[in-house]
Amino acid sequence: MEFVAIIFMVVVLSAAQLALFARNSFRHFEYTCFFTKDEVMEGDEVGLVEIVSNRKWLPLPWLKSELSTSRWLEYAGSQSEVVGDRRYVPSFFALKSYQKVSRTWKVKCLKRGVFEIRRVDLVGSDLLGFSSFSYSAKVHTRLTVLPRPLENNELACPPQYLNGDALVRRQLLSDPFFIAGVREYTGLEPMNRIHWNATAREGKLMVFENQYTSRKNLSILLNVQQHPGKAGSIAANDDLEDCIRFCAYLFSAAVTEDTPFRFLCNGLDSSTDKPVCTAESLGAAFALEQSRTLARLLVDNPKKIDRFLQEDAASLSSSQLILVSTYLDENLKAFVREKARRGIPVAVFVRGRILPSDFEDGTYSLFLLQGRENKEATLL
């Protein structure tokens, strides 16, 4: 009889603690996670902080959180599982009464992109582990991974012609920073233009003679369509990612040379769902914003390059044009030839397969990109 009573009490206590944990496990409970930085470069490491807080007397003897993130975020020391484009990262906690626990993951950013965590699934159990209880915590954390520009040793031919100013025969005003020599003072020049050393040498007033310059501008056109005539849903390959990194290199080179530029791309900006066509500007802030555009760039279903050239880039005009693509076909050749006939110097950078005859066309300059692995492109 006593044995039966003991069994009965055990069953009652087990059922009571089961009901208690089922009702109260996630009451007065908080979960949050966030990246330690909002923006990093491709290949960098960033921290992801998980914070769980149990603000009640009932402990949580076993708690599991499962993060669902992009496969391109690699978590150090985790037993993560990759399924398709998603990576699932489990994490385990044991919380006492009124306890707060934080954990920081080291995350390596393998690829450019904008990565978000909107929800985390949590699973807890009762004291004896007889049953489990789930809870979905809403979070909102975002990480922008900028493409890392290609280095000079990763370029088949680094562009050396991104000069901010070019000498011209005549312009409305001369450029005070370009000195051609000295000449005699005419009475019209301001006093701060007098060359005193030349004045003392010649015995009469002499002034600086300045050259006339015209600022060059640059248009960078990126084609993310990976096959001629096909713009279907295709994931980005290494060649295309190298083209994107090369555009990031061009942005930084334009800043170094103080060259105004604009950026055009038939890929869709995830923030607008439209192809990219920027106004012309210059400076480090503008280049950074375009690198962020590259991070947001969707390449799996772009606008067909033929339509993009006809509708978005037909009126393109600048003193220089750089076309970056993974291939070169007759439609792209016709476009750059037409721009070259209008007096625009055109350089085409290809990361992929091209024909030897492509180098014979003298209307544009053609270069091969080596890319990250320094492997040579293949000539058919």
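All of these numbers come straight from a predicted model, not from anything done at the bench. (Residues numbered from 1 in each chain as written. Predicted model: local features only at pLDDT ≥ 70, side-chain atom pairs only at ≥ 80, totals over all residues. Heavy atoms only, no water.)

On to the packing of aromatic side chains. Scanning the model with the defined rule gives eleven aromatic pairs in all. Taken together, a centroid distance of 4.8 Å and an interplanar angle of 55° make the contact between F261 and F286 tilted. One end of the pair, F261, is in strand β16 (residues 261–269); the other, F286, is in helix α4 (residues 284–296), and 25 residues separate them in sequence. For the pair F261 and F286, a shared accessibility class is recorded, and that class is buried. Both rings, one in F349 and one in F367, keep their centres 4.8 Å apart while their planes meet at 20°; by these two values the pair is stacked. Within this pair, whereas F349 is found in strand β20 (residues 346–350), its partner F367 is found in strand β21 (residues 365–368), the two being separated by 18 residues in sequence. Judged by relative accessible area, which is 1%, F349 ranks as buried. (Phe/Tyr/Trp six-rings, centres within 6.5 Å; stacked < 30°, edge-to-face > 60°. Helix = DSSP H or I, 4+ residues; strand = E, 2+ residues; numbered from the N terminus. Buried < 20%, exposed > 50% of the residue type's maximum accessible area, 1.4 Å probe, protein only.)

What follows covers the environment of R86. As for its position among the elements, R86 is in strand β7 (residues 86–95). With relative accessibility at 31%, the residue R86 sits in the partly exposed group. Distance in space between the C-alpha atoms of R86 and S70 is 4.7 Å, their sequence separation being 16 residues. Among residues more than four places away in sequence, those in contact with R86 are S68, T69, S70, R71 and E81. Of the polar contacts made by the side chain of R86, one reaches the backbone oxygen of S68; its length is 2.8 Å. (Contact = heavy atoms within 4.5 Å. Polar contact = N/O pair within 3.5 Å; in protein donor to acceptor, adjacent residues only side chain to side chain.)

A few words now on the sheet that holds strand β2 (residues 39–41). Here six strands make up an open sheet; going across it, the order is β2-β10-β9-β4-β7-β6 and the pairing mixed. One side of each edge strand has no neighbouring strand; the edge strands of this open sheet are β2 and β6 (81–83). Between one strand axis and the next, the sheet turns by 30° as a mean value, whatever way the strands run. Here strand β9 (residues 113–125) pairs with strand β10 (residues 132–146) via twelve bridges, running antiparallel. Looking at β10, one finds that G124 is bridged to F133. Most of the contacts of α4 go to β10, to which it runs at about 135°, and overall it touches β2, β9 and β10. (Pairing = 2+ DSSP bridges. Axes fitted to C-alpha atoms, helices over the stretch in contact; angles between N-to-C directions.)

Another aspect to go through is the sheet that holds strand β3 (residues 45–54). Here four strands make up an open sheet; going across it, the order is β1-β3-β8-β5 and the pairing antiparallel. With one partner strand each, in any of the chains shown, β1 (29–35) and β5 (73–75) form the two edges of the open sheet. Averaged over neighbouring strand pairs, the angle between their axes works out to 25° when direction is ignored. Note: β5 against strand β8 (residues 99–109), three bridges, orientation antiparallel.

What follows concerns the environment of N266. Along the chain, N266 falls in strand β16. Of the residues examined, N266 reaches a relative accessible area of 0% and is grouped as buried. The sequence separation of N266 and N223 amounts to 43 residues, and the corresponding C-alpha distance is 6.1 Å. Those residues in contact with N266, other than ones at most four positions away along the chain, are L222, N223, V224, Q225, P275, P302, K303, K304, I305 and F308. A polar contact of 3.0 Å, which involves the side chain of N266, links it to the backbone nitrogen of V224. In this structure the side chain of N266 is engaged in a polar contact, spanning 3.0 Å, whose partner is the backbone oxygen of K303.

By themselves, these figures tell us nothing about what the structure is for.
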